[in-house]
Every structure is written in C-alpha cells, then in structure tokens.
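Structural description and commentary
Listed below are the residues making up each chain.
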Amino acid sequence: MSDKPEKFIDENGLRLDGRRVDEIRPMTVEMGVLSRADGSCYLEWGNNKVLAAVYGPRELHPRRLQRPSEALVRYRYNMAAFSVEDRIRPGPSRRSTEISKVSGEAFEPVVMKQFYPGAVIDVFAEVLQADAGTRTAAINAATLALVDAGIPMKGLVASCAVGKVDGQLVLDLNKPEDNYGDADLPIAMTEDGEITLLQMDGNLTADEITKGIEMARKGCEQIFAIQKEALLSKFGTADEEELLKE
Ligand code: UDP
C-alpha cells in the first residue's frame, strides 16, 4: 500500500487525481452484458469495476422463506479474490455481509415487491476491481441491472460517498482519501431525495454531515443523469434521446 500523502488537496484546490472537491470520478455503464441473467450492468467508476446481475422474479425455494404478500429481495455484495492488492479470502465476511444487508435495504422504497408475492429477486454485485467506493459503485450498477431485468420500480437509486481530507469535505473518495482521510460517509438516495443508505466511518461534526449530505446529493444527481442516459440509449426512442440532449 502507498504511504500517506503529505497533502490531499493542492494550492489550486485540486486533489491527487486532479479532481475538484465536488467532482465525481468518470463513470461508464453498459447494460445487458450477461445473457443468462434477467438483467445486468457492468460499471466502471474511476478504477472500480463492478458487475451486477439480477435473477427473477422467480419462485422462492425453500417455500418457508416465501412472503405471502410480496417478493423477497436478496442482495449479495462480493469482492473477487483478485479485486484488491492483498488477495481477499473467498466467501462471505463480516464486511460483505454488512454491505449486502445495507445495500439491499437501499432499494426498499423503490422496488415494487407487492406485484410478486412468494417470489424472490436476487441481486448479485461482484466487485472485479476495487479502488474505494465499491459499495456505492455496486448500488449504481444494481439499479440499472434491476431495470434491465424489467423489475417494476418507482424510480432509480444512486449512491456516492463524501469524505474529509485536509479539513475539507470531498465527494467520491479515491483510494488514498479513503485509506488515510478523516471520514467516509457513503450515501444512497432515491430520485425523490429520500436517503436509503447512510453509513459513517471516522469523525464529522453535525454541520459537516449536513453539508456532506448536500454534496452527496449533487453527486447522486450526476449519477442519475448517467443512469438515465444509459436507459434511454437502450430503451428510449430517438425523440426521447433528443429530449435528453436539450
Ligand atoms: N479494501 C481492501 N481489502 C478489503 C476491503 C477493502 O483492499 O478487504 C479496499 C478496497 O479498495 C475498497 C477500499 O479498501 O474499495 C475501501 O473499503 P471500504 O470498506 O471503505 O468499502 P468501499 O469504500 O469499497 O465501499
């Protein structure tokens, strides 16, 4: 692992990777990349590479796990053994179990589970290359994979983190900022701005948390735009694509 940088933000206000404090890393998405999944999305965000696959709705077995009035949504976050500098031991860990739980819950208000009683919708998020912010990257990919699978949703979910380095709040932490920064605040929200995931590592004042949430909101707006562009280019008509450009 590299050493702690002396400074994270230079005198021109630029971060180690050349971004301003309120900029997210470049993101590209491709939907429908897996032919055997009902829906899928491959997403690159900076040096993160994640693949999301959705299976279902399909009948849930064993049947005792079925919910009589709605579908069960299962979300599994997994890091490939080769995705980080030190090999990750395959299989669930405390970290991946926690991330799976909170990430699945981030979709709670949008997935219209009531249409599929007794069914299961499985979301698999596989991190192929990790470079800080993988849980947020996985949520952004999972949203598009759910839409690709035709799961009825009230809207999209976007996610990005805010952190603190050199006493300043920064959007979408890169690896050194995540490793050596003072705080990491991953957030997910719906298009209505309802926060569906909020975690915190490190120390922030109440005022910094409020400002950080506003910063994350701006980041999520940019992500919604990227997600909508991907949706329009896959499912939209030419007229709708024109509308997006205006
Ligand atoms: N990481 C690692 N090994 C691990 C877990 C994490 O090398 O077992 C790295 C990986 O690059 C990850 C980063 O540390 O993206 C930050 O991890 P964190 O737990 O904060 O989750 P993330 O920011 O990826 O959602």
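To keep things clear, this report deals only with the structure shown in the data block. (Residues numbered from 1 in each chain as written. Predicted model: local features only at pLDDT ≥ 70, side-chain atom pairs only at ≥ 80, totals over all residues.)

Bringing the overall build of the chain into the picture now. For the chain, the count of helices and strands is 5 helices and 10 strands. Structurally, the chain occupies a C-alpha span of about 55 × 45 × 35 Å along its principal axes. Within the chain, the fraction of its 246 residues that count as buried is 41%. Within the chain, contacts between residues at least 6 apart in sequence are counted, and of these 68% link residues at least 24 apart. (Helix = DSSP H or I, 4+ residues; strand = E, 2+ residues; numbered from the N terminus. Buried ≥ 20, exposed ≤ 12 C-beta atoms within 10 Å, placed from the backbone. Contact = placed C-beta atoms within 7 Å.)

Another aspect to go through is the sheet that holds strand β1 (residues 27-31). One open sheet holds the 5 strands; their spatial order is β1-β2-β3-β5-β4, and the pairing between them is mixed. Each edge of the sheet is formed by a strand with only one pairing partner; in this case those strands are β1 and β4 (72-79). Between one strand and the next, the sheet's axes are offset by a mean angle of 15 degrees, whatever the strand orientation. (Pairing = 2+ DSSP bridges. Axes fitted to C-alpha atoms, helices over the stretch in contact; angles between N-to-C directions.)

Within the element layout of this structure, Q227 appears in helix α4 (residues 206-235). The spacing of Q227 and T143 is 84 residues in sequence and 8.5 Å in space, taken between C-alpha atoms. Excluding anything up to four places from it in sequence, Q227 contacts N140, T143, L144, L156 and A158.

Right, let's talk about the site of the ligand for a bit. Surrounding the ligand, one finds 13 residues, the nearest of these being V84, A130, A132, T134 and R135. Grouping the constituent residues of the shell around the ligand by class yields 4 nonpolar, 2 polar and 7 charged. (Near = placed C-beta within 6 Å. Nonpolar A, V, L, I, M, F, W, Y, C, P; charged D, E, K, R; others polar.)

Let us look at α4. Along its 30 residues, α4 runs 42 Å from first to last C-alpha, staying within 8% of the 44 Å computed at 1.5 Å per residue. Inspection of α4 places G212, M215, A216, G219, C220, I223, Q227 and A230 among the buried residues, and these make up the whole buried set. Contacts made by the buried residues of α4 are with β1, α2 (134-148), β6 (157-165), β7 (168-171) and β8 (183-190). (Expected span 1.5 Å × (residues − 1).)

Bringing the nonpolar core into the picture now. Counting residues in each nonpolar core, the largest one holds 67 residues, and the members touching the most others are A52, V123, A138, A141 and A145. When residues of this core are assigned to their parent elements, the largest contribution, 9 residues, is made by α2. Contact partners of A141, with chain neighbours within four places excluded, come to C41, L43, V50, L51, A52 and A125. (Core = buried A, V, L, I, M, F, W, Y, C linked by C-beta atoms within 7 Å.)

Within β6, 9 of the 9 residues are buried, leaving the element largely enclosed by the surrounding structure. Side chains V157, S159, A161, G163 and V165 of β6 all project onto a buried face; the interleaved residues A158, C160, V162 and K164 project onto the opposite face, where all are buried too. Taken together, the 8 bridges between β6 and β8 define a ladder with antiparallel strand orientation. Of the residues in β8, the one forming a bridge with K164 is A183. The pairing of β6 with β7 spans 4 bridges and is antiparallel. The residue bridging G163 from the neighbouring strand is V170, located in β7.

Its place among the elements puts R15 in the segment before β1. A sequence separation of 159 residues divides R15 from N174, and the C-alpha atoms of the two residues are 9.4 Å apart. Setting aside residues up to four positions removed in sequence, R15 forms contacts with F8, I9 and V170.

Turning our eyes to something else, we now look at unusual backbone geometry. Note the cis peptide between G56 and P57, where omega equals 0 degrees. Tracing the backbone through its elements, the reader meets P57 in strand β3 (residues 48-59). In this model, H61 is joined to P62 through a cis peptide bond whose omega is -5 degrees. Its location among the elements puts P62 in the loop between β3 and β4. At A132, a position not held by glycine, the phi torsion is positive, near 80 degrees. Its location among the elements puts A132 in the loop between β5 (119-129) and α2. Its identity as a non-glycine residue notwithstanding, D166 has a phi of 45 degrees, on the positive side. Locating D166 in the fold gives a position in the loop between β6 and β7. Judged by local crowding, D166 falls into the partly exposed class, with 16 C-beta atoms found within 10 Å.

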